[in-house]
Amino acid sequence: MRINVIGGGPAGLYFALLMRRSGVAREAVVYERNPPGATFGWGVVFSGRTLRNLREADEVSHRRITESFETWDNVDVLLRDSKISIRGNDFSGIARLKLLNILQERCAEVGVDLRFNTKVEGIDALARDCDLLVAADGVNSVVRERYAEDFRPVLTAGRNKYIWYGTRRLFHGLTLTFREAAGGVFAAHSYKFSEGLSTFIVECDEQTWRRAGLDRMSDAEARAYLGRVFAQDLAGEELLSNNSRWINFLLVKNERWSRGNVVLLGDALHTAHFSIGSGTKLAIEDSIALFRHFAAGEEVPAALAAFERERRPVVEEYQRAAHESRVWFERAAEHVLMEPLPFAYSLMTRSTRVDLESLRRRDPAFIAAYEEAASRAARD
Ligand SMILES: Cc1cc2nc3c(=O)[nH]c(=O)nc-3n(C[C@H](O)[C@H](O)[C@H](O)COP(=O)(O)OP(=O)(O)OC[C@H]3O[C@@H](n4cnc5c(N)ncnc54)[C@H](O)[C@@H]3O)c2cc1C
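Residues numbered from 1 in each chain as written. Predicted model: local features only at pLDDT ≥ 70, side-chain atom pairs only at ≥ 80, totals over all residues. Heavy atoms only, no water.

> Explain the site of the ligand here, please?
Contacts to the ligand come from 33 residues, most closely from E32, R33, R96, D267 and T280. A distance of 3.3 Å separates an oxygen atom of the ligand from a polar atom in the side chain of N34. Within the contact set of the ligand, an oxygen atom lies 2.7 Å away from a side-chain nitrogen or oxygen of D267. Out of a free accessible area of 1000 Å², the ligand has 92% covered by protein chains. Within the residue set of the shell around the ligand, elements represented by two or more residues are α1 (10-21), β3 (43-47), β10 (153-167) and α11 (279-295). Element by element, the count of residues in the shell around the ligand is highest for α11, at four residues. (Near = heavy atom within 4 Å. Polar contact = N/O pair within 3.5 Å; in protein donor to acceptor, adjacent residues only side chain to side chain. Areas by Shrake-Rupley, 256 points an atom, 1.4 Å probe, with all protein chains shown as cover. Helix = DSSP H or I, 4+ residues; strand = E, 2+ residues; numbered from the N terminus.)

> In this structure, what is going on with helix α9 (residues 219-229)? I would like to understand it.
Helical geometry: 3.6 residues make up each α-helical turn, so side chains three or four residues apart lie on a common side. Taken together, the buried positions of α9 are A222, R223, Y225, L226 and V229. End-on, the buried residues of α9 take up no more than an arc of 160°, which puts them together on one face. Structurally, α9 contributes buried residues whose contacts are with β10, β11 (174-181), β12 (184-192), β13 (198-204), α10 (231-234) and β14 (239-240). (Buried < 20%, exposed > 50% of the residue type's maximum accessible area, 1.4 Å probe, protein only. Arc of directions from axis to C-beta. Contact = heavy atoms within 4.5 Å.)

> Explanation requested: the sheet that holds strand β7 (residues 91-95) in the structure shown.
Backbone hydrogen bonds are what pair the strands of a sheet, in a parallel or an antiparallel way. The three strands are arranged β3-β7-β4 in an open sheet whose pairing can be described as antiparallel. Here the strands that pair on one side only, and so sit at the sheet edges, are β3 and β4 (70-72). Taking each pair of neighbouring strands and ignoring which way they run, the sheet shows an average axis angle of 25°. Sheet topology note: the β3/β7 ladder contains five bridges and is antiparallel. Residue pairing in the sheet places V45 in a bridge with G93 of β7. (Pairing = 2+ DSSP bridges. Axes fitted to C-alpha atoms, helices over the stretch in contact; angles between N-to-C directions.)

> What should I look at first to understand the sheet that holds strand β9 (residues 132-135) in this one?
Taken together, the six strands give an open sheet; going across it, the order is β8-β2-β1-β9-β17-β16, and neighbouring strands pair in mixed fashion. Of all the strands in the sheet, just β8 (113-115) and β16 (258-259) have a single pairing partner and so form its edges. Here strand β1 (residues 2-6) runs beside strand β2 (residues 27-31); their pairing, made up of five bridges, is parallel. For V5, the partnering residue across the bridge sits in β2 and is V30.

> I tried to follow the environment of E308 on my own but got confused; where do I start?
Here E308 shows up in helix α12 (residues 300-330). Measuring from C-alpha to C-alpha, the distance between E308 and R256 comes to 8.6 Å, with 52 residues separating the pair along the chain. Beyond its immediate chain neighbours, meaning those up to four positions away, E308 contacts E255, R256, W257 and P313.

> Sorry, what's going on with the pattern of salt bridges here?
This model, assessed by the stated rule, comprises 31 salt bridges. One salt bridge connects D233 with R179, and the closest N-O pair in it is separated by 2.9 Å. Remark: R179 occurs in strand β11 and D233 occurs in helix α10; sequence separation between them is 54 residues. Note on accessibility: D233 and R179 belong to one class, buried. The salt bridge involving R360 is made with E357; its shortest N-O contact spans 3.0 Å. Separated by three residues within a single helix, R360 and E357 lie in helix α15 (residues 356-362), roughly one turn from each other. When salt bridges with common partners are traced through the structure, they connect R21, D58, R64, E105, R106 and E109 into a single cluster. (Salt bridge = Lys/Arg side-chain N within 4 Å of Asp/Glu carboxyl O.)

> Please explain the nonpolar core as it appears in this structure.
Nonpolar side chains tend toward joint burial in soluble globular proteins. Of all hydrophobic cores here, the largest spans 63 residues; its most connected members are Y14, F15, L132 and F294. The element best represented in this core is α1, accounting for eight residues. What Y14 contacts, discounting residues up to four positions off in sequence, is L54, A57, D58, S61, L103, I284, S287 and I288. Formed by 33 residues, the second largest nonpolar core is a distinct cluster that contains W42, W72, A187 and A373. (Core = buried A, V, L, I, M, F, W, Y, C linked by side-chain atoms within 4.5 Å.)

> Before we go on, may I ask you to explain the packing of aromatic side chains in this structure?
Where two aromatic rings form a pair, the distance of their centres and the angle of their planes describe that pair. For the structure on display, the rule yields 16 aromatic pairs. Plain terms: the ring middles of F171 and F200 are 5.7 Å apart, the flat faces sit at 35° to each other, and that makes the pair tilted. Linking F171 in the loop between β10 and β11 with F200 in strand β13, this pair joins segments that are 29 residues apart in sequence. Pair check on accessibility: F171 and F200 agree, each one buried. Where W328 meets F329, the ring centres are 5.3 Å apart and the plane angle is 70°; that geometry is what we call edge-to-face. Like F329, W328 is buried. (Phe/Tyr/Trp six-rings, centres within 6.5 Å; stacked < 30°, edge-to-face > 60°.)

> Please clarify how the pairing of strand β6 (residues 82-86) should be interpreted in this entry.
For a regular strand, side chains alternate in direction, first toward one face of the sheet and then toward the other. As paired strands, strand β5 (residues 75-79) and β6 are joined by five bridges and run antiparallel to one another. Counted as the bridge partner of V77 is I84 from β6. Linking two consecutive strands that pair antiparallel, namely β5 and β6, is a turn of two residues; a positive phi of about 50° is found at R80 within it.

> Looking at this structure, how should I read the side chain of T349?
You can see T349 is positioned in the loop between α14 (340-348) and α15. Residue classification places T349 among the buried positions, given a relative accessible area of 16%. What T349 contacts, discounting residues up to four positions off in sequence, is V354, D355 and L359.

In structure tokens form, the structure reads like this:
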């Protein structure tokens, strides 16, 4: 097979790697508009289960990725002056750039033709020139736009504004911090992803954002303002920008996942709110699933149909959980009125994928304290 891939993010690189390494693709070309060292954002997280899938799919890149990992088992919830730690979770963080560099290197080793600094515009010609065209060109996919009549995308913007920063302050564990300012609530999602850096994503509702004047501030002013809002948490470390800008989360769904020999993959196909940290995982698991159908010898139309049948229910379940999680953060101003323990419990169970019993297994002490606080509140 000859495959063309548009987009050298996790989805495109991982798919090309598996197709070439196995010899299923005789030729695999990845077109990436940016140079190899460029990326947006800071770190990304993976769960333990995702890592097992990566090990089965390609042991070499799995080893290189896990060597660069920061791992933790605690979620720390900071509300007002209280900090509650919930143990027993299984996460790892890695710099997005490091992950891409590992996949780029591995692609080069197995003979993928990586063409950086190449922005694709002639999509029709590229589709004609191969057996399979993979559109792994991210949340604002031009391929999805070009064939919108076939894919029938449904795009919905979230209500909150958010921005993706980094910081040298090291947050050991996934740390969710809530601070009140400008008459509203600012939430920070932070975690260490390398020896010296943490991701620090800030979100708030649009009214709070405007009242704070963030709509009119320069990048430096916004970082200084949020540095003051989260002064206690950042302990003197500044927020770092990397083309960081305020956006609204964009939920992407598609009625059809492929047309002819063109298939959408990763964020081009679907997004899930960053508060459940699954975007990269879903992108890579898409690649593994699609590859397996080709490795089983299926022809292009059958493989694309089987890929959609297999992955659609999984993706829809993540999107449902991510939706619950997003809405929880959009209503943070109501939730912060709770006491810290019920607040932490509500936060941990927001997506409904985690319930009382699974939390009890992860961290019995947390659930004992939560139940004791609940029965005390019922008595009073
Ligand atoms: C604030 C924030 C936090 C996140 N946190 C996490 C997290 O903790 N964990 C997690 O798993 N995920 C996280 N994600 C999501 C994650 O970044 C994406 O889900 C993931 O990168 C999707 O991979 P992809 O390969 O589909 O797309 P992308 O990584 O977006 O890659 C698409 C690539 O296509 C290229 N491209 C686009 N158009 C063209 C063109 N015309 N020609 C050539 N190249 C093109 C782009 O340059 C880009 O390199 C987060 C996202 C955001 C916004």
